[in-house]
Amino acid sequence: MRAAYATMSQQMRNYNAQLQNAKKAMDDTTRSEQSRAKAATQYNKTSAQIEQLRGRMQALNRDIELQSNKWTQLANRTQHFGNVATSVGSKVSGLGRGMSEHLTLPIAAGLTYSAKKLVDFQDQMIKTKNVIRTSGESAKAANSAYRTMTADARKYSDQYGVSQQKIAEGYQDLVKRGYTSKAAIGVMRNELKASVATGDDFNDVIKVASQTMESFGLATDKAGRPIKNAAVMQQRSTKTLNELAYAADATSTDFQSLGVGMSYVGSTAHQAGFSLSETASAMGILSNNGLEADKAGTGLRKVINSLVTPTANGQKALASINLTTKDFLDKNGKLKSMSSIFKTLGDHMKGMTGKQKNDIFHALFGTTGQQAGALLTENANRLRDLNKEVQHSAKRDY
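Numbers given for residues are sequential positions, taken from 1 along each chain in its written order. Under the rules for a predicted model, residues below a pLDDT of 70 receive no local features and side-chain atom pairs below 80 are neither given nor counted, while totals for whole chains, interfaces and linings still include all residues. Side-chain figures throughout are based on the complete set of non-hydrogen atoms in the structure, without hydrogens or water.

1. Side note on the overall build of the protein chain
Stage number 1. Helix numbering and strand numbering both begin at the N terminus, where a helix is a DSSP run of H or I of at least 4 residues and a strand a DSSP run of E of at least 2. Each helix and strand counted, the protein chain has 16 helices and 0 strands in total.
Stage number 2. Exposure classes here rest on a 1.4 Å probe applied to the protein chains alone. A residue is buried below 20% of its type maximum, exposed above 50%, and partly exposed in between. A burial count over the protein chain gives 45% of its 398 residues as buried.
Stage number 3. Accessible areas in this description were obtained via Shrake-Rupley with a 1.4 Å probe; residue shielding takes into account the shown protein chains only. Split by element, the accessible area of the protein chain, about 19,600 Å² in all, is 47% carbon and sulfur.

2. Some points on the confidence of the model for the protein chain
Stage number 1. Summarising the model, the protein chain shows a mean pLDDT of 82, and 75% of its residues fall at 70 or more.
Stage number 2. At the level of individual helices and strands, the protein chain shows its lowest average pLDDT in helix 3 (residues 71-77), which scores 47, and its highest in helix 14 (residues 338-347), which scores 96.
Stage number 3. For every residue, the predictor assigns a confidence score, pLDDT, that lies between 0 and 100. Should any heavy atoms of two residues lie within 4.5 Å, those residues are counted as being in contact. Segment residues 70-75: pLDDT under 50, and 8 contacts once partners within four positions in sequence are set aside and those in other chains are kept.
Stage number 4. The model gives residues 80-101 a pLDDT under 50, and that stretch makes 52 contacts with residues more than four places away or in other chains.

3. Concerning the packing of aromatic side chains
Stage number 1. In summary, the pairing rule links any two rings of Phe, Tyr or Trp, Trp by its six-membered ring, whose centres are within 6.5 Å, and it sorts them by plane angle into stacked for under 30 degrees, edge-to-face for over 60 and tilted for everything else. If you walk through the whole model with that rule in mind, you get 2 aromatic pairs.
Stage number 2. With a centroid separation of 6.3 Å and an interplanar angle of 15°, the aromatic rings of F361 and F365 are classed as stacked. Of this pair, F361 and F365 both sit in helix 15 (residues 354-378), separated by 4 residues, roughly a single helical turn. Across the pair, exposure class does not vary: F361 and F365 are buried alike.

4. A short note on the side chain of S210
Stage number 1. Looking at the secondary structure, you find S210 in helix 8 (residues 202-215).
Stage number 2. Pairs of N or O atoms are called polar contacts if they sit within 3.5 Å, as long as, within protein, a hydrogen donor faces a hydrogen acceptor (for residues adjacent in sequence, only side-chain-to-side-chain pairs). Engagement of the side chain of S210 in a polar contact is seen with the backbone oxygen of K207, the distance being 3.2 Å.
Stage number 3. The contact partners of S210, leaving out residues within four places of it in the chain, are L174, R177 and Y179.

5. Regarding the packing of helix 7 (residues 181-198) against helix 8
Stage number 1. Between helix 7 and helix 8, the least distance of the axes is 9 Å, while the angle of their chain directions is 120°. As far as their axial angle goes, helix 8 and helix 7 are oblique. Viewed along their axes, helix 7 and helix 8 form a crossing whose handedness is right-handed. In this structure, helix 7 uses M188, E191, L192, A194, S195 and T198 to contact helix 8, whose residues at the interface are F202, V205, I206 and A209.
Stage number 2. Lys, Arg, Asp and Glu make up the charged group, whereas Ala, Val, Leu, Ile, Met, Phe, Trp, Tyr, Cys and Pro make up the nonpolar group; the residues left over, Gly among them, are polar. Class assignment of the residues belonging to the contact of helix 7 with helix 8 gives a composition of 7 nonpolar, 2 polar and 1 charged. Helix axes are fitted only over the stretch in contact, all axes being lines through C-alpha atoms; the angle between N-to-C directions runs from 0 to 180 degrees. Relative orientations are named as follows: roughly parallel for angles under 35 degrees, roughly antiparallel for angles over 145 degrees, roughly perpendicular for angles from 65 to 115 degrees, and oblique for any other angle. Each crossing gets its hand from how the near helix is turned against the far one by less than a right angle, where anticlockwise is left-handed and clockwise is right-handed.

6. Points about the pattern of salt bridges
Stage number 1. Each salt bridge in this description consists of a side-chain nitrogen of Lys or Arg and a carboxyl oxygen of Asp or Glu lying within 4 Å of one another. Per the stated rule, a full pass over the model turns up 11 salt bridges.
Stage number 2. Ionic pairing is found between K155 and D152, a salt bridge with its closest N-O pair at 3.6 Å. Within this pair, K155 and its partner D152 are both found in helix 5 (residues 139-160), separated by 3 residues, close to a single helical turn.
Stage number 3. Residue classification places K155 among the partly exposed positions, given a relative accessible area of 41%.
Stage number 4. When its relative accessible area of 12% is taken as the criterion, D152 is described as buried.

7. Examining the nonpolar core
Stage number 1. Of all hydrophobic cores here, the largest spans 51 residues; its most connected members are L300, F342 and L345.
Stage number 2. The contacts of L300, once residues within four sequence positions are left out, are V265, T279, A282, M283, L286, M338, A372 and L376.
Stage number 3. Think of a nonpolar core as a cluster: buried Ala, Val, Leu, Ile, Met, Phe, Trp, Tyr and Cys residues, connected wherever their side-chain atoms sit within 4.5 Å. One finds A145, V187, I206 and M233 within the second-largest nonpolar core, a separate group that totals 29 residues.

8. Comments concerning helix 11 (residues 276-288)
Stage number 1. One less than the residue count of a helix, multiplied by 1.5 Å, gives the span that helix is expected to have. Counted at 1.5 Å a residue, the expected span for helix 11 with its 13 residues is 18 Å, and the 18 Å between its end C-alpha atoms agrees.
Stage number 2. Where helix 11 ends, the next residue or the one after it, G290, has phi of about 90°, a positive value.

9. So, the packing of helix 11 against helix 12 (residues 293-308)
Stage number 1. Here helix 11 crosses helix 12 at 120°, and the two axes come no closer than 10 Å. It follows that helix 11 is oblique to helix 12 by the angle criterion. Seen along the crossing, helix 11 lies across helix 12 with a hand that is right-handed. Residue-level inspection shows T279, A282, M283 and L286 of helix 11 in contact with helix 12, the latter providing A293, A296, G297 and L300.
Stage number 2. A breakdown of the residues in the contact of helix 11 with helix 12 according to their chemical character gives 6 nonpolar, 2 polar and no charged.

10. A short note on helix 7
Stage number 1. Between the first and last C-alpha of helix 7 there are 26 Å, a value that for 18 residues agrees with the 26 Å anticipated at 1.5 Å per step.
Stage number 2. Here the bend at each residue means the angle between axes fitted to two seven-residue stretches, the one ending at that residue and the one beginning there. Where helix 7 bends most, at V187, the angle is about 35°.
Stage number 3. What helix 7 keeps buried is the set S181, A183, A184, I185, G186, V187, M188, N190, E191, L192, A194 and S195.
Stage number 4. Looking one or two residues past helix 7, G199 carries a phi angle of roughly 80°, positive in sign.

11. Concerning the environment of F255
Stage number 1. Position of F255 relative to the elements: it lies in helix 10 (residues 255-272).
Stage number 2. According to the relative accessible area criterion, F255 is buried, its value standing at 3%.
Stage number 3. Between the alpha carbons of F255 and L241 there is a distance of 9.5 Å; along the sequence they are 14 residues apart.
Stage number 4. Setting aside residues up to four positions removed in sequence, F255 forms contacts with T198, D200, V205, V208, L241, L244, A245 and A248.

What follows is the structure, given as structure tokens:
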């Protein structure tokens, strides 16, 4: 019996070592959420094994007491792992406090960590399912999306290192923005990839990408209805994220600042017929020259509005350099590219003094757009070249 008890004592030490290793994994913030959750699960499993072993050791202890009065000696030899005849601890089993705290506390911590994360994630996913349902999708579609999103969140968390709860919040945010459940599922992987590639917070990437796609009409069909096809949304989100990320990396702006600027100018640029790639390129050019985020966005918006419907002073300024708004239109009556328009302006202002140019820009674009208009005119060739690079980024899956 003593040999059996010694074997159990060694097993108890083994369990303790497993708990310590699991605790290190659980506390390691460099690991993915799924990996840390697995460590918490290991806590649960080991705690159950300890409880079973405790019961066996307690029963063996009674037998030993009946047969020998040398229990004290044996207890002294095994004192290093605590009172083995008592419970793992009231915090876990409610059966006593005999086991040492280095077992009780990690087990409790593991149980708490695992349970809380699981509850938070499930709660978020249930909220997401409810949002899908209230958006007009059938109960069957909502339940199907819930299962797919739940499975994908667990898979993506391990793959990209973003918590399951954040991914669940991302799904919910997309659906609230008008995405169908299938569309949200279709774009999620791209959003996560962009977050890793740019180093920006995942929720910021979701916000910037979805707002930009909405501004440029990429999240809806020609009738203005949300796109339901997941493959189409995945293709469009890939293009959007690649172009934004490349424009940010190729200039002095960053993904988040570019998103701020886009929130001011996106819809105006789209309505005027300018592409996402050229708008992002223009924002990058402005950033290179000290005009960033909201200032770049508001400045470019004013420039575009002035090109579409110039004021009386703006028309006079154009006339003074032998131009009219018709010179900015193609044969189909649509605005030419930004780079073409600003090159035309620059060509017609050659030989003018700095003050004369500033007067033209102020009359044409006003105080708000004057600086942006001047910078883009001066950098028209770079804008053209950068736009080509940004357009190609989507093909290379930048």
